[in-house]
Amino acid sequence: MRRGPAAGRRTHPRTPDRNPQPRHFEQLAALVTEDEAVNGSPDPEVHVQAIRQYVEARFDEGYVNQIDEEQDAFFDFYEREVLPRGR
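Residues numbered from 1 in each chain as written. Predicted model: local features only at pLDDT ≥ 70, side-chain atom pairs only at ≥ 80, totals over all residues. Heavy atoms only, no water.

## Examining the overall build of the chain
Link 1 in the chain: Secondary structure assignment for the chain yields four helices and zero strands.
Link 2 in the chain: Beginning at the N terminus, the succession of helices and strands in the chain can be written as α-α-α-α.
Link 3 in the chain: Carbon and sulfur atoms make up 51% of the accessible area of the chain, which amounts to about 7,600 Å² in all. (Helix = DSSP H or I, 4+ residues; strand = E, 2+ residues; numbered from the N terminus. Areas by Shrake-Rupley, 256 points an atom, 1.4 Å probe, with all protein chains shown as cover.)

Rendered as structure tokens:
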């Protein structure tokens, strides 16, 4: 039984429950295809639909990230184009 802040949090069934280590992320990364992990579309609706899948599956939390030097532009895009469409 989980207690504390993680109680009730949904995790991927293959995700280690406690204190994930770098090796756990490496193991999980091997299970994810590039199509599942990367959404480089400039179309905000593509991003909204990708997020909506997780909302409909009743995930409690989700994270988005840009992995290159354009962090500010990415989050400006999300603030201006993606998040308003998902509300």
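## Description of helix H4 (residues 71-82)
Link 1 in the chain: Among the residues of H4, those classed as buried are Phe74, Phe77, Tyr78 and Val82. Down the axis of H4, the buried side of the element spans an arc of 100°, and every buried residue falls inside it. Exposed positions of H4 whose direction lies more than 90 degrees from the buried face are Asp72, Glu79 and Arg80.
Link 2 in the chain: Looking at the buried residues of H4, the elements they touch are helix H3 (44-56). (Buried < 20%, exposed > 50% of the residue type's maximum accessible area, 1.4 Å probe, protein only. Arc of directions from axis to C-beta. Contact = heavy atoms within 4.5 Å.)

## Overview of a negative patch on the surface
Link 1 in the chain: A cluster of acidic residues, Asp68, Glu69, Glu70, Asp72, Asp76 and Glu79, forms a negative patch on the protein surface.
Link 2 in the chain: Judged by its relative accessible area of 58%, Glu79 is exposed. (Patch = residues over 30% accessible without salt bridge, like charges linked within 9 Å, V, L, I, M, F, W, Y side chains within 5 Å. Salt bridge = Lys/Arg side-chain N within 4 Å of Asp/Glu carboxyl O. Lys, Arg positive; Asp, Glu negative; His and termini not counted. Charge placed at Lys NZ, Arg CZ, Asp CG, Glu CD.)

## Focus on the nonpolar core
Link 1 in the chain: Ranked by size, the top nonpolar core spans five residues in total: Val48, Phe74, Phe77, Tyr78 and Val82.
Link 2 in the chain: Per element, the largest residue contribution to this core is four residues, and it comes from H4.
Link 3 in the chain: With near-sequence residues (within four places) excluded, Tyr78 lies in contact with His47, Ile51, Val64, Leu83 and Pro84. (Core = buried A, V, L, I, M, F, W, Y, C linked by side-chain atoms within 4.5 Å.)

## Considering unusual backbone geometry
Link 1 in the chain: One non-glycine residue with positive phi stands out, namely Arg58, at about 70°.
Link 2 in the chain: Here Arg58 is to be found in the loop between H3 and H4.

## Re the pattern of salt bridges
Link 1 in the chain: Throughout the structure, instances matching the rule amount to three salt bridges.
Link 2 in the chain: We note a salt bridge from Glu81 to Arg85, for which the minimum N-O separation is 3.6 Å.
Link 3 in the chain: Classification of Glu81 as partly exposed rests on a relative accessible area of 24%.

## Focus on the packing of aromatic side chains
Link 1 in the chain: Enumeration according to the criterion identifies four aromatic pairs in this entry.
Link 2 in the chain: Residues Tyr54 and Phe59 carry aromatic rings whose centres are separated by 5.3 Å and whose planes lie at 85° to one another, so their mutual orientation is edge-to-face.
Link 3 in the chain: Looking at Phe59, the relative accessible area reads 39%, which means it is partly exposed.
Link 4 in the chain: Ring pairing ties together the aromatic residues Phe74, Phe75, Phe77 and Tyr78, which thus form one cluster. (Phe/Tyr/Trp six-rings, centres within 6.5 Å; stacked < 30°, edge-to-face > 60°.)

## Observations regarding a nonpolar patch on the surface
Link 1 in the chain: A grouping of Ile51, Val55, Val64 and Phe75 is seen on the molecular surface, where their side chains present a nonpolar patch of about 310 Å² in accessible area.
Link 2 in the chain: For Phe75, the position within the fold is in helix H4.

These values are about where atoms sit, not about what they do.
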